Amino acid sequence: MSETRSDGELLRAIAADGDRHAFEELYRRYAPWLTARMRSRCADAAIVDDVVQETFLAVWRGTARFREEGHGEDAAGWLWRIGARRLVDAVRGDGARGRLRQTLARFRHRDEASAEERVLAGVEHGDLAGALTRLSPELRAVLQATVIDGLTTREAAVLLGIPPGTVKTRAQRARKHLREALA
């Protein structure tokens, strides 16, 4: 009977030796959990599956490095941070939005802007866009994580590498600045 290795032991074995068994064990341990978390943030199962695979590929290839000592971060939080960033990139980039535009373009018979494009233009070029650009990068990052990405305060703290209290404070400051700018 083999002993169950800790997450840290698995990650060290993957990083040091390219231990395939350690990688498979880590994948079995966390892929279902990560997939479920991602599906609560994104309804497109194809994007979620791609993001989960990209997350674990980053671990296997060593492009993502886990630092256990002194950071107090667990493997689940670390994997979530990697996956959340990749999910945001997929949704922002040519992922879901690009596929939606392509689908809408096939159904459009005229050269007029779709309702979705008009709304996006209003957000990107209207009063809200101006107010958002005037926020500091730190405040924008917290709004991105908590409002747009739908992360909890704790998840946003892990993603941004700041304490949860700082996330709350920055979110309050961002909302205050936006209210003043849009009033």
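Quick note: structure is the one above.
Residues numbered from 1 in each chain as written. Predicted model: local features only at pLDDT ≥ 70, side-chain atom pairs only at ≥ 80, totals over all residues. Heavy atoms only, no water.

Peer 1: Looking at this model, I keep getting lost on the packing of helix α8 (residues 137-148) against helix α9 (residues 153-160). Mind explaining?
Peer 2: It is the contact of α8 with α9, at a shortest axis distance of 9 Å, that shows an interaxial angle of 130 degrees. Our classification of the angle between α8 and α9 gives oblique. As for the relative orientation of α8 and α9, their crossing is right-handed in sense. Residues Ala141, Val142, Ala145 and Thr146 of α8 lie in contact with α9, whose contacting residues are Ala156, Leu159 and Leu160. (Axes fitted to C-alpha atoms, helices over the stretch in contact; angles between N-to-C directions. Helix = DSSP H or I, 4+ residues; strand = E, 2+ residues; numbered from the N terminus. Parallel < 35°, antiparallel > 145°, perpendicular 65-115°, else oblique. Left-handed = near helix turned anticlockwise from the far one by under 90°. Contact = heavy atoms within 4.5 Å.)

Peer 1: Is there a simple way to explain the packing of helix α1 (residues 7-17) against helix α2 (residues 20-39) in this structure?
Peer 2: It is at 8 Å that the axes of α1 and α2 come closest, and there the two elements cross at 135 degrees. Taken together, the axes of α1 and α2 are oblique relative to one another. Note that α1 runs across α2; the crossing there is left-handed. Counted together, Asp7, Leu10, Leu11, Ala13 and Ile14 of α1 and Ala22, Phe23, Glu25, Leu26, Arg29 and Tyr30 of α2 form the full contact between these two elements. Partitioning the contact of α1 with α2 into residue classes produces eight nonpolar, no polar and three charged. (Nonpolar A, V, L, I, M, F, W, Y, C, P; charged D, E, K, R; others polar.)

Peer 1: What is the right way to read the pattern of salt bridges from this model?
Peer 2: If you walk through the whole model with that rule in mind, you get six salt bridges. With a closest N to O distance of 3.3 Å, arginine 20 and glutamate 24 form a salt bridge. Taken as a pair, arginine 20 and glutamate 24 lie in helix α2 at a separation of four residues, close to a single helical turn. Exposure remark for arginine 20: the relative accessible area of 55% places this residue in the exposed category. Arginine 39 serves as the salt-bridge partner of aspartate 49, at 3.0 Å between the closest nitrogen and oxygen. Here arginine 39 lies in helix α2 and aspartate 49 lies in helix α3 (residues 45-61), a separation of ten residues in the sequence. Assessed through its relative accessible area of 35%, aspartate 49 is described here as partly exposed. In this structure, a network of salt bridges that share partners links the residues Asp7, Glu25 and Arg29. (Salt bridge = Lys/Arg side-chain N within 4 Å of Asp/Glu carboxyl O. Buried < 20%, exposed > 50% of the residue type's maximum accessible area, 1.4 Å probe, protein only.)

Peer 1: Got a minute to help me understand the environment of isoleucine 162 in this structure?
Peer 2: Here isoleucine 162 lies in the loop between α9 and α10 (164-182). In this structure, isoleucine 162 is in contact with Val142, Ala157, Val167 and Arg170, ignoring residues within four places of it in sequence.

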